[in-house]
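# Analysis of the macromolecular model
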Amino acid sequence: MPRHLDEESPLLEHISEDRNHTDHHLDFAPDDTRNPRAWTRKKRLFNVSIIAAMSILSPLASSVYNPAIKNIALSLHTTEEKVIATNTGYIVLLGLGPLIIAPLSETLGRRVVYTVCFSVFTLLQIPTALAPNIASLITVRTVSGFFGSVGIANGGGTINDMFPPSGRAGIYGWYLLGPLLGPVLGPILGGVIAQRLGWRWIYWVILIICSVNTLIGILFLRETYAPILLAQEKARLEQENKVTYTYEGQDERKLREKLLTSLKRPFIILSQPVVILLSCYQALIFSTTYTIYTQMQNIFAGGYGFSTEQVGLLYLFIGLGGLTSVLFLVPSIDDVYNKLTARNKGVALPEYRLPLTIIGSVLVPVSLLWFAWTVSFRLHWLIPVSALYFYGIGQVMVINTVQNYFIDSFSQYAASAIAAGSVLRSVLGGVTPLFASTMFERIGYGWGTSVFGFLAILIAPSPLVLYYYGSRLRERFPVSFSS
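Bear in mind that the values here come from a model prediction, so they are computed numbers and not experimental data.

All right, on to the overall build of the protein then. Secondary structure summary: the protein contains 19 helices and 3 strands in total. Relative to the 2.2 N^0.38 estimate, which gives 23 Å for 483 residues, the radius of gyration of the protein is 23 Å and therefore close to what a compact globule would have. The dimensions of the protein, computed from C-alpha atoms along their principal axes, are 80 × 50 × 40 Å. Here the protein, with 483 residues, has 57% of them falling under the buried criterion. Counting only contacts in the protein whose residues sit at least 6 apart along the sequence, the fraction spanning at least 24 positions is 80%. In the structure as shown, the protein presents an accessible area of about 19700 Å², 65% of it carried by carbon and sulfur atoms. Across the protein, the 36 positively charged side chains and the 29 negatively charged ones have centroids separated by 7 Å.

All right, on to unusual backbone geometry then. With a phi close to 60°, Lys345 is a non-glycine residue in the positive phi region. As for its placement among the helices and strands, Lys345 is situated in the loop between helix H15 (331-343) and helix H16 (357-376).

Turning our attention to the nonpolar core. Counting residues in hydrophobic clusters, the biggest one holds 111 residues, and the most contacted among them are Ile72, Ile159, Ile202, Ile285, Met296, Phe300 and Phe406. In terms of residues, this core owes the most to one element, helix H12 (residues 273-302), which gives 13 residues. Excluding anything up to four places from it in sequence, Phe406 contacts Val274, Val275, Leu278, Ser279, Gln282, Ala417, Ile418 and Gly421. Within the second largest apolar cluster, 5 residues are counted, among which are Leu230, Leu237, Tyr245 and Tyr247.

Time to look at the pattern of salt bridges. Scanning the entire structure with this criterion turns up 11 salt bridges. Note that Asp408 and Arg168 form a salt bridge whose closest N and O atoms lie 2.8 Å from each other. Taken together, the residues span a long stretch of sequence, with Asp408 in helix H17 (residues 382-409) and Arg168 in helix H8 (residues 168-196) at a distance of 240 residues. Here Glu351 makes a salt bridge to Arg474, at a shortest N to O gap of 2.8 Å.

Here we come to helix H14 (residues 316-328). With 13 residues, H14 should reach 18 Å at 1.5 Å per residue; the first-to-last C-alpha distance of 18 Å fits that figure. Among all positions of H14, only Ile318, Gly319, Gly321, Gly322, Ser325 and Val326 are buried. Projected down its long axis, H14 carries its buried residues within an arc of 155°, all on one side. Buried residues along H14 sit against H8, H12, helix H13 (308-314), H15 and H17.

Together, Ile358, Val362, Val366, Trp370, Phe377, Leu379, Ile383 and Phe390 make up an exposed nonpolar region whose accessible area comes to about 700 Å². At the level of secondary structure, the elements contributing two or more residues to the nonpolar patch comprise H16 and H17. The biggest single contributor to the nonpolar patch is H16, with 4 residues. With respect to the element layout, Trp370 can be found in helix H16.

Inspection of every chain in the model, using the stated rule, returns 18 aromatic pairs. Relative to Tyr315, the ring of Tyr293 has its centre 5.5 Å away and its plane inclined at 45°; by these criteria the two rings are tilted. With Tyr293 in helix H12 and Tyr315 in the loop between H13 and H14, this residue pair connects regions lying 22 residues apart in the sequence. One exposure class covers both Tyr293 and Tyr315, and it is buried. Look at Phe300 and Phe306: their rings are 6.0 Å apart centre to centre, the planes differ by 45°, and that puts the pair in the tilted class. When sorted by exposure, Phe300 lands in the same class as Phe306, which is buried. The cationic tip of Lys43 hangs over the ring face of Trp39; the distance from NZ or CZ to the ring centre is 4.5 Å. When the ring centre of Tyr65 is taken as reference, the NZ or CZ atom of Arg141 above it lies at 5.2 Å.

Checked against the element boundaries, Lys339 lands in helix H15. A sequence separation of 60 residues divides Lys339 from Ile399, and the C-alpha atoms of the two residues are 21 Å apart.

The next subject is the confidence of the model for the protein. Within the protein, residue pLDDT values average 88, and 94% of them lie at 70 or more. Confidence over residues 1-19 falls short of pLDDT 50; this stretch has 67 contacts with residues more than four positions distant or in other chains.

Let us look at the pairing of strand S2 (residues 24-27). What you see with S2 is no split at all: His24 and Leu26 on one side and His25 and Asp27 on the other are buried throughout. Relative to strand S3 (residues 245-246), S2 runs parallel, the two being bridged by 2 bridges. Note on S3: the bridge partner recorded for His25 is Thr246.

The N-to-C vectors of H8 and H14 enclose an angle of 170°; their axes lie 9 Å apart at closest approach. If you check the angle between H8 and H14, you find them roughly antiparallel. Facing Gly173, Trp174, Leu177, Leu181, Val184, Leu185 and Ile188 of H8, the residues of H14 in contact are Leu316, Ile318, Gly319, Gly322, Leu323, Val326 and Leu327. Taken together, the residues that form the contact of H8 with H14 break down as 11 nonpolar, 3 polar and no charged.

Parameters and conventions
- Residues numbered from 1 in each chain as written.
- Predicted model: local features only at pLDDT ≥ 70, side-chain atom pairs only at ≥ 80, totals over all residues.
- Heavy atoms only, no water.
- Helix = DSSP H or I, 4+ residues; strand = E, 2+ residues; numbered from the N terminus.
- Rg over C-alpha atoms; globule rule 2.2 N^0.38 Å.
- Buried < 20%, exposed > 50% of the residue type's maximum accessible area, 1.4 Å probe, protein only.
- Contact = heavy atoms within 4.5 Å.
- Areas by Shrake-Rupley, 256 points an atom, 1.4 Å probe, with all protein chains shown as cover.
- Lys, Arg positive; Asp, Glu negative; His and termini not counted.
- Charge placed at Lys NZ, Arg CZ, Asp CG, Glu CD.
- Core = buried A, V, L, I, M, F, W, Y, C linked by side-chain atoms within 4.5 Å.
- Salt bridge = Lys/Arg side-chain N within 4 Å of Asp/Glu carboxyl O.
- Expected span 1.5 Å × (residues − 1).
- Arc of directions from axis to C-beta.
- Patch = residues over 30% accessible without salt bridge, like charges linked within 9 Å, V, L, I, M, F, W, Y side chains within 5 Å.
- Phe/Tyr/Trp six-rings, centres within 6.5 Å; stacked < 30°, edge-to-face > 60°.
- Lys NZ or Arg CZ within 6 Å of the ring centre and 35° of its normal.
- pLDDT = per-residue confidence, 0-100.
- Pairing = 2+ DSSP bridges.
- Axes fitted to C-alpha atoms, helices over the stretch in contact; angles between N-to-C directions.
- Parallel < 35°, antiparallel > 145°, perpendicular 65-115°, else oblique.
- Nonpolar A, V, L, I, M, F, W, Y, C, P; charged D, E, K, R; others polar.

Right under this line is the structure:
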């Protein structure tokens, strides 16, 4: 009998004939180079680098305008709050886009979805740079957020296509630096461009960079989703041999019916208690991060007298924290996972991804309270900025462990699982900064930032709770993707 076609047992080519039927069954041998998990490490990492670049550029575009908020408001004769609203629509669609884009990739294939969506995202930088008023800027940026979400939507699923669970977290950590470092690098790039060339050139530069990445993707990005690869092999063999081939789990329904089923998938996953709880945790992290990003200019330019370029450089501290985490802590996620699996007689559980979340659960609230009150009392700038370094470490540990948990829990539909988990975080990440400005005006940065810190303390035990009880919850609320 053929192996079960899921992403824990990758689809590699092997053909056998069922004695009771004329159909031939497609399966794969472990050393078949057409299997993405059997590609050379160099080939797999090159594929990851292309999607990682996409995943850097779209979040980068979410914050690249931050140092130029005042300049954009003056240029378009509007308020700073309305300029911030351009980012709200962008980030919200960055979260809602995966609900459609991720299941599309599980129906049409990863490659075509990547190339089409990112090509559209690239072209939309042109009307963004030419926007004559705030209404058109909000509209175009909102739409571009949808198409720009393709890297975030499919990155986790693509990496799962190519790497087994035992060695995935380390690679995923480097990929995840894209969505996390993009918003860090954006203000640095935007600050330099806005101060020297004007804010419109921010988007012309983004257009040039995205065009290069789009071209590389069109030329070199490979398909990785195993069911699509097997379907292609089936079509080729049937054409050559004039016999019928089948593979486990193949879907012969019309494309419209398959698309409708796949589009329901993220919502089914999102209804699971474990996903709801950890999505709330991610949402808090993203809301906090984007709130800090939008307030950096006011805090350090207004309170400390920094220039636009100097404020942009301060974002690097969060990025350095993330890099430290990926270099020294993230690889241990796989180590812990493998040790716990061995201790459980070789049976792996998604909950084995969660123990190291405790690092982030401690660092996030501590660093936020540290940042809040050192800014409030105007202590030397290096003291609050150092808190951002530890915040960067903490957020990477939380996001990485949570997303690996989602991938392991819904392996074959990893992209849909990541999409489901991204909805709440992006919606709140986009909306919260709008209300945060008013909160800071009323209660100051000390108590205002402490609100986020207190919320982080309240939700901190959730990964520990799921470590002990997550498997029971998943058993009690099973997921069915049948139509």
